[in-house]
Amino acid sequence: MYLAVALAMVGAATFGLDQGNFGNVQAFESFRAEWCVGRYGDAESCSELGSLQNDRWQDFVTWGASLITFGAAAGAVLLGPFVTHQLGRKPCIQMGGAVCFMGCLMASYLSFHNVAEFFLGRFITGLGVGLSCFALPLYNAEISTPQIRGATGSIFQLNVVIGCFVSCLVTLLDDDWYFGMVLPGLAGALLVLGGFFLPESPRFLMEKMVHQHPEEAFKCGLRSLKRIRSGDVKPEADQIFEQIRAEMETKHMGFRDLFRDPNLRKRVLIACTLVIGQQATGVNAFLGYAATLFKECGIENPILFDSIFNSIMILGCIAGLLLVDSPYAGRRSQLLVATALMGPPLTIAGFALRFGWPRIITMASVIIYGVGFQFAWGTIPWIYPAEIFSMSEKESAVSCAVGVNYVANAAVVYLTPGLMKWSTPGTLQIFGLLNILNALFVFLYIKETKGVPLEDIPKLFRPRSASTSVRLKAVKAAPVCVVPVKDTREDVKRAVSGRGVDGRNKDATRNKGLTSSNKKLVETRKVVAWAHTLDCLGSMTSFHALPPFPGGWLHSETRKSWIQGRFCR
């Protein structure tokens, strides 16, 4: 499983390599000589300093940076859902690598000094990146176990960061713009070759064949699962297959279907807002215009500092990867901590530039910001959308989220030059404020999904009022039960778990222990009556989600039988 995820996530490196390479290549003298001199200005207006004030050249650079994100959005929204639904996750990943390779060749060695050819190559490069990056979160979510799904998904962003670092290192040592521009394509070619050794998603195989050949669908999914798991995988295969069969009557959802059901609409809006928040952090302003932005920040060797910046961000990404599925952190908590590491430092960096504070303050603030981004905001917005949708919803919903991500990316890349021309300190402070707004969004709307099976995650987003209504209906319909409880929660736990039948409160028993004047007893009535409604009617529904008590107490078949025999009459 780990090898399959690591190999597939090379697709993320295509995006990272492009973010890092173009941010530096645009400052190469050879690149300006190829595209600026004689077309957008003379030798002086296309020089290292003159190009910063050359509006026509800056427009060319902006479109060169933006077209890859427009192409990625098109790949994720227009092509990705069709390819993954009809052909599978693995072919979509491979196809993205091949398209990226062709686009990089068109924007470098096959550009022939033609602006239209260069721009078309940039768009096609993005198309390939979008195809791969759309399928990768789906693939990871479907082949990883719930306990490590976040960690394996974080490999996506780790490869993005490593790609950025490698491209910075290569462009620091070699100023040949042709080779710099083809770097993402090399990762794409590796992805095409490595894809032949990847197993297909077991969930996709079962879902694709279950309508016509259920038995063969199960066997294919089981074979694929055995390639990525050790030990007895049949119980997991049974669970996946049963969930897919339960969804058989649900048709594959299109984009319009995503906004009809309130719960689904809420999840779609949360996923899209989360990826917009990722771009609102401002990271792609730093990556897309690294040489220019760091130069404006007063850093003498911006390409060297960009290499240091990306190397330190790797540490933040590794820390986030190790913690995202640990008992000490999770999706929600890491996003909140990361925001605290990003907003204030950017604001301080803006003040440092505005008031001429020592340069080291700006550099340290930017590095702290970068570590904070990779600790959570670089990884979790790629993991989270693939977790919160069912199989019938996932392709369209994740396509929507990834497409919105790249459109927001394009907006940041397009607007950043104008913001920097207005005020570099102001640009940093605007992004600092947006990071603070991100914290508010996470606090209000993000639910923790760590360790939760994919099939159960959509239930987390049900409105509280609806859940309460369901429970109250269950209380009204519950059988009359004698509940052996005292006025303590410990006795409630003992009674419900079957350990406290001898410690009855006679008054409570005589009055059935259900007096509304006592809050704890009312709470007891709701929980136990809800359990009775399910159990006394013969339902074997899992009791693990019964608030306010945690799960272990009612899981046992023995305990459920004890409740049925003791309380139901």
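Since the structure is predicted, the reported quantities are computational estimates derived from the model, not experimental observations. (Residues numbered from 1 in each chain as written. Predicted model: local features only at pLDDT ≥ 70, side-chain atom pairs only at ≥ 80, totals over all residues. Heavy atoms only, no water.)

Check the secondary structure of the chain and you find 25 helices and zero strands. Residues counted as buried form 57% of the 569 residues belonging to the chain. For the chain, the share of sequence-separated contacts (at least 6 apart) that also reach a separation of at least 24 residues comes to 78%. On the chain, roughly 23,900 Å² of surface is accessible, and the fraction owed to carbon and sulfur atoms is 63%. (Helix = DSSP H or I, 4+ residues; strand = E, 2+ residues; numbered from the N terminus. Buried < 20%, exposed > 50% of the residue type's maximum accessible area, 1.4 Å probe, protein only. Contact = heavy atoms within 4.5 Å. Areas by Shrake-Rupley, 256 points an atom, 1.4 Å probe, with all protein chains shown as cover.)

Under the defined criterion, the tally for this structure stands at 11 salt bridges. The salt bridge partner of Glu 142 is Arg 89, with a shortest N-O separation of 2.7 Å. Of this pair, Glu 142 sits in helix H6 (residues 115-143) while Arg 89 sits in helix H5 (residues 89-106), and the two are 53 residues apart along the sequence. Using a relative accessible area of 0% as the deciding quantity, one classes Arg 89 as buried. For Asp 456, the salt bridge goes to Lys 459, with nearest N and O atoms at 3.5 Å. (Salt bridge = Lys/Arg side-chain N within 4 Å of Asp/Glu carboxyl O.)

So, about the packing of aromatic side chains. For the coordinates displayed, the defined rule picks out 30 aromatic pairs. Ring centres of Phe 22 and Phe 31 lie 6.2 Å apart, and the angle between their planes is 90 degrees; this geometry places the pair in the edge-to-face category. On the basis of relative accessibility, which here comes to 3%, the residue Phe 22 falls in the buried class. Looking at Phe 31, the relative accessible area reads 0%, which means it is buried. Measuring from centroid to centroid gives 4.4 Å for Phe 156 and Trp 382, while their planes differ by 35 degrees, and the two rings are tilted. (Phe/Tyr/Trp six-rings, centres within 6.5 Å; stacked < 30°, edge-to-face > 60°.)

Core analysis: the largest hydrophobic core is formed by 131 residues, its most contacted members being Phe 31, Phe 60, Phe 118, Phe 286 and Tyr 406. Per element, the largest residue contribution to this core is 13 residues, and it comes from H6. Not counting residues within four places of it along the chain, the set of residues in contact with Phe 118 comprises Phe 22, Phe 31, Trp 35, Phe 60, Gly 64, Met 106, Ala 107, Trp 177 and Met 181. (Core = buried A, V, L, I, M, F, W, Y, C linked by side-chain atoms within 4.5 Å.)

Attention shifts here to the packing of helix H16 (residues 331-354) against helix H17 (residues 359-377). To characterise two packed helices, one gives the angle between the axes of the helices and the distance between these axes. Running from N to C, H16 and H17 point in directions that differ by 160 degrees, and their axes come no closer than 8 Å. Considering their axes alone, H16 and H17 lie roughly antiparallel with respect to each other. As for the relative orientation of H16 and H17, their crossing is left-handed in sense. For the contact of H16 with H17, the per-class residue count stands at 18 nonpolar, five polar and no charged. (Axes fitted to C-alpha atoms, helices over the stretch in contact; angles between N-to-C directions. Parallel < 35°, antiparallel > 145°, perpendicular 65-115°, else oblique. Left-handed = near helix turned anticlockwise from the far one by under 90°. Nonpolar A, V, L, I, M, F, W, Y, C, P; charged D, E, K, R; others polar.)

Here the chain averages 78 in pLDDT, while 79% of its residues score no lower than 70. Every residue in residues 466-569 is under pLDDT 50, and counting partners more than four places away or in other chains gives 118 contacts. (pLDDT = per-residue confidence, 0-100.)

In this section: the environment of Pro 235. Structurally, Pro 235 can be placed in helix H11 (residues 234-246). Among the residues examined, Pro 235 registers a relative accessible area of 49% and is labelled partly exposed. Through-space distance from the C-alpha of Pro 235 to that of Leu 222 is 10.0 Å; in sequence the pair is 13 residues apart.

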